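# Structural overview
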Amino acid sequence: AVPPPKMADEESKKLTAALNVMRRMAPSTIENSLAGLCELTPNLTDDLLNNVDQPLKVEMDEAAQKKFITCDYNRDGDSFRSPWSNKYFPEADSEALYPSKYLRQLEVDANAIFDVYRKLYFEGGSYSSVYFFSIEGSSDEKKGFGACWLIHKDVDSTEEDLKKGWWDSTHVFQVSHVKGETYEYKLTSTVMISMVMEDSKLGSCDLSGSMNKQKSETLTLSKTKGTNHLVNMGTMIEKMDDRIRAIIMEIYFSKTRQIVDGMRLTSGARNRQMDKIAASLKDALKQSKK
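Quantities reported herein were computed from a predicted structural model and do not represent experimental measurements.

Across its full length, the protein chain carries 6 helices and 10 strands. Taking all 290 residues of the protein chain together, 37% fall into the buried category. In the protein chain, the proportion of contacts linking residues at least 24 apart, taken out of those at least 6 apart, comes to 54%. When the accessible surface of the protein chain is summed, it comes to about 17,500 Å², and 52% of that surface belongs to carbon and sulfur atoms.

Now the structure itself:
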């Protein structure tokens, strides 16, 4: 039965309000905040879980003896499929979903390539996983499919004042055929970062944040130029990662340092410094939206 319009509007307003709350939560506390909202509004649980980005988790593939990242794109009930062995952990029922032969081969090659990328850019304490899947409305998987590229890195607390830290990158593609050997790649990238600092002088400081970017490109496949789906997607991911890193360094770290330094200035100088910071933040945010 379709709910009455007024009831549907009320539910929509509650969901919007809940999502607005979650957008203001630090990634380090997002799981507790989400659990609290689900307890307050149990009827919105599915919508909240589908719309709120959560920190990535890592599980062990007992068959391949390698760790893999879990997400909605490799989940079937309470089980998660590993890209290394193509098996579910814990074992799923006989109706569990698996990628087709074509998508599975792309997935195997993508994981091998992305593992090298992870080692070069993120080094130790990091994990990567890539999942390919069918998309609704596409009868031919060679002309339309989806892919999710994930990286999770735990920051080692080598410094005495660094309590914990992590970095999560999620890149989701929707690939659709345009004509001939031309395809459209729609990329949605989300980065979540968290660093919790704590010592006797500083106290507790949680430097956390998240960023979401989208980009669409129309690219061709060419054997002579050596381009294929993995090359096209990998190039877009590398450019997006560089862009997001630059924004995070500029906004999260440089501006925090300027604000702390500005707190020690005299009244007049402090006001001028804060005006300068506000202006530069506006410029940085305008640039990030382009």
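So, next bit.
Taking 1.5 Å per residue as the helical rise, helix α4 (residues 101–121) with its 21 residues ought to reach 30 Å, and the 30 Å between its terminal C-alpha atoms agrees with that figure. When we look at burial in α4, the residues that qualify are L103, R104, L106, E107, A110, N111, F114, D115, Y117 and R118.

All right, on to the packing of aromatic side chains then. Scanning the model with the defined rule gives 9 aromatic pairs in all. Aromatic rings pair up to connect F114, Y117, Y121, F132, F145 and W149 into one cluster. One cation-aromatic arrangement involves K66 over W84; the distance from NZ or CZ to the ring centre is 3.7 Å.

Applying the stated criterion to the full structure yields 7 salt bridges. A salt bridge links E31 to K57; the shortest N-O distance between them is 3.0 Å. One end of the pair, E31, is in helix α2 (residues 30–40); the other, K57, is in strand β1 (residues 57–61), and 26 residues separate them in sequence. Taken together, the salt bridges that share partners define one network made up of R81, R104 and E107.

Below, the discussion takes up the sheet that holds strand β3 (residues 75–76). In a beta sheet, neighbouring strands pair by backbone hydrogen bonds and run either parallel or antiparallel. Pairing is antiparallel in the open sheet, where 3 strands are placed in the order β3-β4-β5. Lying at the two open borders of the sheet, with one neighbouring strand each, are β3 and β5 (88–89). As paired strands, strand β4 (residues 79–81) and β5 are joined by 2 bridges and run antiparallel to one another. Each bridged residue has a counterpart across the sheet, and for R81 the counterpart in β5 is Y88.

For the rest of this paragraph, the subject is the confidence of the model for the protein chain. With 83% of its residues at a pLDDT of at least 70, the protein chain reaches an overall mean of 84. Scored below 50 in pLDDT, residues 1–7 makes 0 contacts in the model with residues more than four places away or belonging to other chains.

Position of E91 among the secondary structure elements: in the loop between β5 and α4. As a C-alpha pair, E91 and S79 span 12 residues in sequence and 6.6 Å in three-dimensional space.

Pairing within the open sheet is antiparallel, and its 5 strands lie in the order β6-β7-β8-β9-β10. With one partner strand each, in any of the chains shown, β6 (126–133) and β10 (203–220) form the two edges of the open sheet. In this sheet, neighbouring strand axes are inclined to one another by 10 degrees on average, regardless of whether the strands run parallel or antiparallel. Where strand β7 (residues 144–154) lies against strand β8 (residues 162–179), 11 bridges are found, and the strand directions are antiparallel. Each bridged residue has a counterpart across the sheet, and for L150 the counterpart in β8 is T170. Packing against the sheet, α4 makes contact with β6 and β7, and its axis sits at approximately 160 degrees to β6.

Let us now look at the side chain of S189. Assignment of secondary structure puts S189 in strand β9 (residues 182–199). According to the relative accessible area criterion, S189 is buried, its value standing at 0%. One polar contact links S189 to H171, side chain to side chain, over a distance of 2.7 Å. In this view, S189 contacts T170, H171, M211, N212, K213, M240 and I244; residues no more than four positions away in its chain are not counted.

The rules behind the values
- Residues numbered from 1 in each chain as written.
- Predicted model: local features only at pLDDT ≥ 70, side-chain atom pairs only at ≥ 80, totals over all residues.
- Heavy atoms only, no water.
- Helix = DSSP H or I, 4+ residues; strand = E, 2+ residues; numbered from the N terminus.
- Buried < 20%, exposed > 50% of the residue type's maximum accessible area, 1.4 Å probe, protein only.
- Contact = heavy atoms within 4.5 Å.
- Areas by Shrake-Rupley, 256 points an atom, 1.4 Å probe, with all protein chains shown as cover.
- Expected span 1.5 Å × (residues − 1).
- Phe/Tyr/Trp six-rings, centres within 6.5 Å; stacked < 30°, edge-to-face > 60°.
- Lys NZ or Arg CZ within 6 Å of the ring centre and 35° of its normal.
- Salt bridge = Lys/Arg side-chain N within 4 Å of Asp/Glu carboxyl O.
- Pairing = 2+ DSSP bridges.
- pLDDT = per-residue confidence, 0-100.
- Axes fitted to C-alpha atoms, helices over the stretch in contact; angles between N-to-C directions.
- Polar contact = N/O pair within 3.5 Å; in protein donor to acceptor, adjacent residues only side chain to side chain.

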